[in-house]
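# A closer look at the structure
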Amino acid sequence: MLKRAGLSEGFGIPSGNVIPLIESMRAGGMRFVLTAHEGSAAFAADVMGRMTGRPGLCIATHGPGATNLTTGVGCAYLDRSPLLAITCNIPTAQLGRRVQMHIPHHDLFAPITKASLELRPGGVATTIAEAVRLALTEPVGPVHLDLPEDVAVAETNETEVEIPPAARLSPASQEALAEAQALIARAKRPIAVIGASAMRMRNPALLRRFVEKHAMPFATTTMAKGLVDEDHKLSLGCIERARRQVQRELLRSADLIIGLGYDTIEVEYEAWIKNVPLLHVDIARADVDASVRVAHEVVGDLDSSLEILATGLSAGGWTQATIAAHRERFQASLRPRTAEFSPHQAIDVVREGLPKDGVLAFDVGAHTHQIGSQWTAHAPRTFLITNGWSSMGFGLPAAIAAKLARPDLPVVAVIGDGCFQMTCGEVAVAKRYGLALPIVVLDDRWLALIKVKQQRRNFALYGTELQEEPYAAPPAHYFGVPAVGARTPDELAVALKTALAASGPTVIEAVVDASHYTETVYD
């Protein structure tokens with residue numbers, strides 16, 4: 001049934017009650033990817049779902065395996081990624097008893113999944129079919145399946161069943177669309193802000209058609225970067241990351257903000273919109289504070305809405321010179337002059353060394369803000385970040401999953417040293433599968449984002465230093481994966497080029513002076 005749903009692999013860690021499932025995967029031709037931690041398995045499954053449009057699969061044992069899995073499952077829930085999470089459990093006769101490692105799995109997963117379902121004899125096929133349908137129905141997300149050990153080894157007389165298609169959202173009403181068209185036609189300085197719901201459009205080219213039709217500048221949230229090529233002359237870049245005040249200034253000069261697929265799970269409208277009227281176009285109603293001036297809402301299937309809204313009249317008064325000048329000012333503000341090798345220089349080196357169709361996966365920290373604003377994304381599914389769940393530990397397993405899903409594309413992971421300490425064991429997974437994966441670690445010896453926040457509050461720097469002594473040369477390898485150092489942009493460029501052409505992963509320790517974060521990350 002999993003293969004019928006288009007799944008080709010699952011990520012996880014085995015135990016005694018998991019191995020019957022793993023054996024069936026081996027016999028049935030599904031790859032089991034052994035990870036170093038169950039949380040990483042779920043992060044990888046999340047990204048597999050994003051890259052393929054089919055549910056990713058992660059697998060864990062009961063008790064501590066299940067609790068470890070929940071961090072990544074929560075990511076799929078708030079980042080809206082299709083996923084199946086299978087926990088193998090104790091025999092059904094022992095469920096509910098006080099036995100080793102046992103906790104109620106359904107209570108554990110209920111708050112972070114669309115459903116938590118039991119796999120039982122006679123109902124396995126229909127339960128999996130329903131789980132896949134739920135995972136792929138908007139808003140897409142994770143579904144938990146619990147598999148007791150006795151069920152896993154039982155003979156079955158079930159046959160496969162067809163998987164029903166995901167439920168399609170209804171189109172927005174013609175009246176709602178007509179009112180939206182009228183608002184757009186009257187606006188003199190409208191700005192579109194594209195959000196995470198648009199990542200799941202069947203035809204994301206409609207977004208470009210919309211902004212071009214109305215000659216409308218557009219910005220994006222972090223996760224929506226690349227849905228329209230950010231080299232586009234109408235692109236303003238990312239909102240609410242580094243140098244966010246520069247973006248807010250222009251956004252607040254608009255006379256209409258049009259949220260296209262804007263999911264407030266990334267950032268609430270009230271954080272930046274101020275008094276500008278809002279036209280909200282999404283699959284769900286806007287979740288806003290009472291201070292937001294909601295002029296109108298269009299709720300329904302996004303593709304259908306954009307097909308209509310990419311027609312009609314517009315009176316936009318933006319000039320190309322204004323847009324270009326803003327973009328130039330914004331990008332310049334992200335790159336202050338520095339005496340030492342800085343994070344913004346390292347990010348530019350990686351962007352220049354990675355082809356336009358290459359995939360970037362990165363983690364959570366101060367560098368997240370810098371990358372979100374600074375990086376130019378050219379295509380959908382090439383910019384992988386968690387911004388609904390926003391968990392450290394995402395970047396490296398995300399990069400591994402992206403490379404497994406698209407071995408034809410170059411993939412780079414950029415993570416902080418704190419994130420590397422959390423997930424460094426996953427480099428062995430990349431090695432095991434021979435993935436040409438550069439892992440660029442931005443080493444600044446601190447949890448830099450928290451350090452900046454401590455400084456802004458005039459707190460002492462306490463509990464955030466990762467390493468007291470100065471950096472020396474990196475070790476020869478991590479778990480057999482070669483490690484090289486980079487202290488300058490040129491050294492990083494050479495190391496990255498070599499790593500992209502390698503037959504396996506490479507850890508590149510880029511030692512950076514992150515002092516400019518206090519200027520760029522929180523302005």
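Just above, that's the structure.
A short tour of the structure in this document, coming up. For every chain, the first residue of the written sequence is number 1, and numbering continues from 1 along that sequence. Only residues with pLDDT of at least 70 get local features here, since the model is predicted, and only at 80 or more are side-chain atom pairs given and counted; chain-wide, interface and lining totals rely on the full set of residues. The basis for the side-chain values is all heavy atoms of the structure; hydrogens and waters are excluded.

## As for the nonpolar core
Rules: Each nonpolar core is a collection of buried residues, namely Ala, Val, Leu, Ile, Met, Phe, Trp, Tyr and Cys, held together in the definition by side-chain atoms within 4.5 Å. Throughout, exposure labels follow a simple rule: accessible area from a 1.4 Å probe, protein chains only, divided by the maximum for the residue type, with under 20% read as buried, over 50% as exposed, and the rest as partly exposed. Runs of E in the DSSP output that reach at least two residues are strands. Runs of H or I that reach at least four are helices, and both are numbered from the N terminus. The criterion used for residue contact is that any of the two residues' heavy atoms lie within 4.5 Å.
Within the largest apolar cluster, 52 residues are counted, with the highest numbers of intra-cluster contacts made by Phe210, Ile257 and Trp272. Of all the secondary-structure elements, those providing two or more residues to this core are helix H7 (174-186), strand E7 (190-194), helix H8 (205-213), strand E8 (218-220), helix H9 (244-251), strand E10 (256-260), strand E11 (278-282) and helix H10 (302-309). With five residues, H7 is the largest single contributor of residues to this core. Ignoring anything within four residues of it in the chain, the contact list for Trp272 reads Val193, Ile239, Glu240, Arg248, Leu251, Arg252, Ile257, Tyr262 and Val267. Listed in part, the 49 residues of the second largest apolar core include Ala41, Phe43, Ala66 and Ile112.

## What to know about helix H12 (residues 343-353)
Those residues of H12 not exposed but buried are Pro343, His344, Ala346, Ile347, Val349, Val350 and Arg351. Contacts from the buried residues of H12 go to helix H13 (366-374), strand E15 (411-416), strand E16 (438-443), helix H18 (489-500) and helix H19 (517-520).

## Re the sheet that holds E7
Condition: In this scheme, strands are said to pair when DSSP sees at least two bridges between them. What counts as an axis is a line fitted to C-alpha atoms, over the stretch in contact for a helix, and the angles between N-to-C directions run from 0 to 180 degrees.
Strand order in the open sheet formed by six strands is E9-E8-E7-E10-E11-E12, and the pairing between neighbours is parallel. Edge positions in the sheet fall to strand E9 (235-238) and strand E12 (294-299), since each of these pairs with one other strand and no more. In this sheet, neighbouring strand axes are inclined to one another by 15° on average, regardless of whether the strands run parallel or antiparallel. Here H9 sits on the sheet in contact with E7, E9 and E10, set at roughly 140° to E9.

## Points about H10
Just so we agree on the cut-off: Directions from the helix axis toward the C-beta atoms define the arc.
For H10, the full list of buried residues reads Leu302, Asp303, Ser305, Leu306 and Leu309. Projected onto a plane normal to the axis of H10, the buried residues spread over an arc of 160° and lie on a single side. Of the surrounding elements, those touching the buried residues of H10 are H7, H8, E10, E11 and E12.

## Here's the deal with unusual backbone geometry
Of the consecutive residues Glu138 and Pro139, the connecting peptide bond is found in the cis state with omega at -10°. Within the secondary structure, Pro139 is located in the loop between helix H5 (124-135) and strand E6 (142-148). Despite not being glycine, Arg243 has its phi angle at roughly 50°, a positive value. For Arg243, the location among the structural elements is in the loop between E9 and H9. Residue classification places Arg243 among the buried positions, given a relative accessible area of 18%. You will see that Asn458, though not glycine, has its phi angle at about 60°, which is positive.

## Considering the side chain of Glu230
This is how the line gets drawn: What qualifies as a polar contact is a pair of N or O atoms within 3.5 Å, subject to a donor-acceptor requirement within protein and to the restriction that residues adjacent in sequence count only when both atoms come from side chains.
Within the secondary structure, Glu230 sits in the loop between E8 and E9. At a separation of 2.8 Å, a polar atom in the side chain of Glu230 contacts the side chain of Lys225. Polar side-chain contacts of Glu230 include one of 2.8 Å to the backbone nitrogen of Ala377. Beyond its immediate sequence surroundings of up to four residues, Glu230 is in contact with Thr220, Lys225, Ser235, Gly237, Cys238, Trp375, Thr376 and Ala377.

## Quick look at the packing of H7 against H10
Put simply, the rule is: An angle below 35 degrees is read as roughly parallel, one above 145 as roughly antiparallel, one from 65 to 115 as roughly perpendicular, and any other as oblique. By definition, turning the near helix anticlockwise from the far helix through less than a right angle yields a left-handed crossing, and turning it clockwise yields a right-handed one.
Packing of H7 against H10 leaves a shortest axis separation of 10 Å and a crossing angle of 45°. Between H7 and H10, the crossing angle belongs to the class labelled oblique. You can see that H7 and H10 cross each other, and the crossing is right-handed. Listed contacts from H10 to Leu177, Ala180 and Gln181 of H7 are Ser305, Ile308 and Leu309.

## Side note on the environment of Leu309
Of note, Leu309 is situated in helix H10. The spacing of Leu309 and Ile184 is 125 residues in sequence and 8.8 Å in space, taken between C-alpha atoms. Among all residues touching Leu309, those that are not within four sequence positions of it are Leu177, Ala180, Gln181, Phe210, His214 and Val281.

## Comments concerning the pairing of E6
This is how the line gets drawn: By definition, the crossover connecting two strands over a helix is right-handed if that path, from the first strand to the second, turns clockwise as seen with the strands pointing away from the viewer.
In terms of burial, E6 is a largely internal element, seven of the seven residues being buried. Residues Pro142, His144, Asp146 and Pro148 line one face of E6 and the alternating positions Val143, Leu145 and Leu147 line the opposite face, and both faces are buried. Judged from the four bridges that link them, strand E5 (residues 115-118) and E6 form a sheet pairing that is parallel. Bridging across to E6, Ser116 finds its partner in His144. Since E5 and E6 lie parallel, the crossover through H5 that links them has a hand, and here it is right-handed.

## A word on the sheet that holds strand E1 (residues 9-12)
Here we have six strands laid out as an open sheet, ordered E2-E1-E3-E4-E6-E5, and parallel in their pairing. The open sheet has two edge strands, strand E2 (31-34) and E5, and neither has a second partner. Strand-to-strand twist across the sheet, computed as the mean angle between neighbouring axes with direction ignored, equals 25°. One ladder, built from two bridges, connects E1 with strand E3 (residues 56-60); its direction is parallel.

## Re the side chain of His280
Looking at the element boundaries, His280 is found in strand E11. Classification of His280 by relative accessible area gives buried; the value is 1%. In this structure the side chain of His280 is engaged in a polar contact, spanning 2.9 Å, whose partner is the side chain of Tyr269. Of the polar contacts made by the side chain of His280, one reaches the backbone nitrogen of Ala286; its length is 3.4 Å.

## A look at the pattern of salt bridges
Defined as follows: A pair is scored as a salt bridge if a Lys or Arg side-chain nitrogen falls within 4 Å of a carboxyl oxygen belonging to Asp or Glu.
Scanning all chains against the criterion turns up 20 salt bridges. Residues Arg329 and Glu249 are paired through a salt bridge, measuring 3.2 Å at the closest nitrogen-oxygen approach. Within this pair, whereas Arg329 is found in helix H11 (residues 320-333), its partner Glu249 is found in helix H9, the two being separated by 80 residues in sequence. Arg329 sits in the partly exposed class, given a relative accessible area of 42%. Salt bridges sharing common partners tie together Arg4, Glu160 and Glu162.

## A closer look at the environment of Asp357
Within the secondary structure layout, Asp357 lies in the loop between H12 and strand E13 (359-362). Its relative accessible area of 42% is what places Asp357 among the partly exposed residues. The spacing of Asp357 and Ala377 is 20 residues in sequence and 8.9 Å in space, taken between C-alpha atoms. Those residues within four positions of Asp357 in sequence are excluded, and the remaining contacts are Thr382, Leu409 and Pro410.

## Looking at the pairing of E15
The element E15 is largely enclosed, with a buried count of six among its six residues. Going residue by residue along E15, you find Val411, Ala413 and Ile415 tucked away on one face and Val412, Val414 and Gly416 tucked away on the opposite face as well. With four bridges connecting them, E13 and E15 associate as parallel partners. Bridged to Ala361 within E15 is Ala413. Where E15 meets E16, four bridges bridge the pair, whose relative direction is parallel. Residue pairing for E16: Gly416 is matched across the bridge by Leu442.

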